[in-house]
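Given next are the chains, with one letter for each unit.
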Amino acid sequence: MRITGLTATPVAVPFHEDELWAFGGRRGLVAILLEMTTDEGVTGLGEASAYPSADVVMAVLRSIEPFVIGEDPFAVERIMKRINVAGTWHHVKATSPAIAAVEMACWDVVGRVCGQPLVNLFGGRVRDRVEFFYYLSRRPPGKMADDVRRGHDGGFRTFYLKVGSDDPAEDIERIEAVRDAAGPDARIRVDANEAWSAGEAIRIVRSMERYDLELVEQPVSGRNLTEMAYVRGRIGTPLLANEASWTRYDQLEVIRHGAADVLSVDNQMDSGLLNLKRSAGMCEAAGLPVLKHSLGELGVAGYAAVHVMAATPNFLYANQSYASLLADDVVESGVPQYADGTLAVPEGPGIGVRLDTERVARYAELYQREGHAFAFSDAAGLASTPVLPKR
Ligand SMILES: [Mg+2]
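Residues numbered from 1 in each chain as written. Predicted model: local features only at pLDDT ≥ 70, side-chain atom pairs only at ≥ 80, totals over all residues. Heavy atoms only, no water.

Q: Can you walk me through the coordination of the magnesium ion in this structure?
A: The expected angle between donors at a tetrahedral four-coordinate metal is 109.5 degrees. At an octahedral six-coordinate metal it is 90 or 180 degrees. Those protein atoms acting as donors to the magnesium ion are Asp191 (OD), Glu217 (OE) and Asn242 (OD1), and they sit at 2.1 to 2.3 Å. Relative accessible area serves as the criterion here: at 0%, Glu217 is assigned to the buried category. (Donors = N, O, S within 2.8 Å, 3.2 Å for Na, K, Ca; no water. Buried < 20%, exposed > 50% of the residue type's maximum accessible area, 1.4 Å probe, protein only.)

Okay, here's the thing in structure tokens:
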């Protein structure tokens, strides 16, 4: 069996409302949908987050195509080695969601040919459903409650909000509002996106802890693991690595430095689903749980990862999801249906989803017309946050 072609389609799918973080914001998400054709008529689906931009992902896809076309889609390791070594990505010491999308499409082909859902090819089920958090948009503290109730009514138990805004007192007011609305049993997770210096992180996190935080995500720079370990030792809340733990090499250093209690892992940022499993395995050996980070994913990438998370024991925390933000999706089954904050593992072969061609066309057109408004880069963010840490 041989891979005969890769077709990439950027799409822009709107959010119900803007996503805002410590240094920027966006109206919706851009994803690059990948269709991998083969000489036996089986087509596999992949999806890349548009990180750092759709243009870069499209350029990477073009550049790695020669290492993929003509290969056997079952030879996942060999294809990845060709891209990384012959393509010299190993020297760049970086990766791209484009590479992850190619790997994802290979697995979709493999699953379809075998007639098996991916979960059965990644170790089999250790859980039938995978839990996700509820992402709370940044609003004035007095307006958080409605959003919390929507998540609560949807059965979500973990609420995630960005902190690290220009006014820490307002962040604390937001957390108080979330705790009031969510009740004592809800889990509250905060993400500072590296906004604080070590001293400020310790002071601010300690003042937030009276609201019983589940995890504090990346309070300080992810590039200074000594500082992360220092902060971790001086706060009462478990520390979640994110910007510090993009790849397996980064995760190894986080483990060595004792810099986190929980690690974010992400196939989009580390060349695919096989590495997602490897990341989790490395952390499991170190006695650490993991959760899946997301740059914002539609049904193809979202469900691809669900298979691996369902087959991997130490995904013990609610994983990242854009369920509360996304207004639509591009798969035939539509917006994923969460029950009690969880998604079921698809039963069909491969990833178990198909593209809705009408929606793909609509959102491809939206990308062409207004894609810039959906990008990660935000000039306004630079004006308000010229440097990190903020204080
Ligand atoms: Mg984060």
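Q: So what exactly am I meant to see when it comes to the sheet that holds strand S7 (residues 187–191) here?
A: What links the strands of a sheet is backbone hydrogen bonding, and the strands pair in either a parallel or an antiparallel sense. On the basis of which strands lie adjacent, the open sheet formed by 7 strands has the order S5-S6-S7-S8-S9-S10-S11 and parallel pairing. Looking at strand neighbours, the two that pair on one side only are strand S5 (134–136) and strand S11 (290–292), the edges of this open sheet. Adjacent strand axes in the sheet meet at a mean angle of 30 degrees when their direction is disregarded. Of the pairings in the sheet, the one linking S5 to strand S6 (residues 158–162) comprises 3 bridges and is parallel in character. Bridging across to S6, Leu136 finds its partner in Leu161. (Pairing = 2+ DSSP bridges. Helix = DSSP H or I, 4+ residues; strand = E, 2+ residues; numbered from the N terminus. Axes fitted to C-alpha atoms, helices over the stretch in contact; angles between N-to-C directions.)

Q: Any chance you could explain the sheet that holds strand S1 (residues 3–21) here in plain terms?
A: Spatial ordering of the open sheet is given by S1-S2-S3, a layout of 3 strands whose pairing is antiparallel. One side of each edge strand has no neighbouring strand; the edge strands of this open sheet are S1 and strand S3 (43–49). Direction aside, neighbouring strands of the sheet carry axes that sit 20 degrees apart on average. Along the sheet, helix H4 (residues 97–114) contacts S1, strand S2 (24–38) and S3; its crossing angle with S3, the most-contacted strand, is approximately 155 degrees. (Contact = heavy atoms within 4.5 Å.)

Q: Sorry if this is basic, but what is going on with the nonpolar core here?
A: Side chains of a nonpolar character, in soluble globular proteins, are inclined to be buried together. By size, the foremost hydrophobic cluster in this structure holds 124 residues, and its most contacted members are Val11, Met36, Ile83, Val102, Trp196, Met228 and Val330. Counting residues per element, this core draws most heavily on H4, at 10 residues. In this structure, this core is formed jointly by two domains, domain 1 (3–119 + 357–369) and domain 2 (124–344), each of which donates at least three residues. (Core = buried A, V, L, I, M, F, W, Y, C linked by side-chain atoms within 4.5 Å. Domains from an automatic or database assignment.)

Q: Whenever I open this one, the environment of Val331 confuses me. Can you help?
A: Here Val331 is to be found in the loop between helix H12 (299–310) and strand S12 (342–344). Here Val331 is in contact with Gly299, Val300, Val353, Arg354, Leu355, Asp356 and Arg359, once residues within four sequence places are set aside.

Q: Hey, could you run me through the state of the cysteines in this one?
A: Each disulfide is one covalent bond, formed between the sulfur atoms of two cysteines. As enumerated under the stated definition, the model contains 0 disulfides in all. A disulfide-free cysteine, Cys114 has its sulfur positioned 13 Å from the sulfur of Cys106, the nearest such atom. (Disulfide = S-S within 2.5 Å.)

Q: Honestly, helix H6 (residues 145–153) in this entry has me stumped. Any pointers?
A: Since there are 3.6 residues in each turn of an α-helix, residues three or four apart along the chain are aligned in direction. Taken residue by residue, H6 has Asp147, Val148 and Gly151 as its buried positions. Down the axis, H6 shows its buried residues gathered within 100 degrees of arc, on one side only. Exposed positions of H6 whose direction lies more than 90 degrees from the buried face are Asp146 and Asp153. As for H6, its buried residues are in contact with S1, S5, S6 and helix H7 (168–182). Looking one or two places after H6, you find Gly155, whose phi comes out positive at around 90 degrees. (Arc of directions from axis to C-beta.)

Q: I'm lost on the environment of Asp266 in this one. Help?
A: Note that Asp266 resides in the loop between strand S10 (262–265) and helix H11 (273–285). Among the polar contacts made by the side chain of Asp266, one reaches the side chain of His293 at a distance of 2.8 Å. (Polar contact = N/O pair within 3.5 Å; in protein donor to acceptor, adjacent residues only side chain to side chain.)

Q: Could you clarify how one ought to interpret the side chain of Asp191 in this entry?
A: Looking at where Asp191 falls in the secondary structure, it is placed in strand S7. By relative accessible area, Asp191 is classed as buried at 1%. For Asp191, the side chain forms a polar contact with the main-chain nitrogen of Asn193, separated by 2.9 Å. In this view, Asp191 contacts Tyr160, Leu161, Lys162, Val163, Glu217, Gln218 and Asn242; residues no more than four positions away in its chain are not counted.

Q: Got a minute to help me understand the domain arrangement of the protein in this structure?
A: Interfaces are often described in size by the accessible area the parts lose on coming together. Looking at the assigned domains, one finds that the protein contains domain 1 (3–119 + 357–369) and domain 2 (124–344). Here domain 1 and domain 2 have C-alpha centroids that lie 24 Å from each other. In this assembly, 40 residues from domain 1 lie in contact with 45 residues from domain 2. Interface area, domain 1 with domain 2, both sides summed: about 3,400 Å², of which 60% is carbon and sulfur. One can count 4 salt bridges joining domain 1 with domain 2. With a shortest N-O distance of 3.6 Å, Arg362 and Asp328 are connected by a salt bridge. (Buried area = accessible area lost by both parts, 1.4 Å probe. Salt bridge = Lys/Arg side-chain N within 4 Å of Asp/Glu carboxyl O.)

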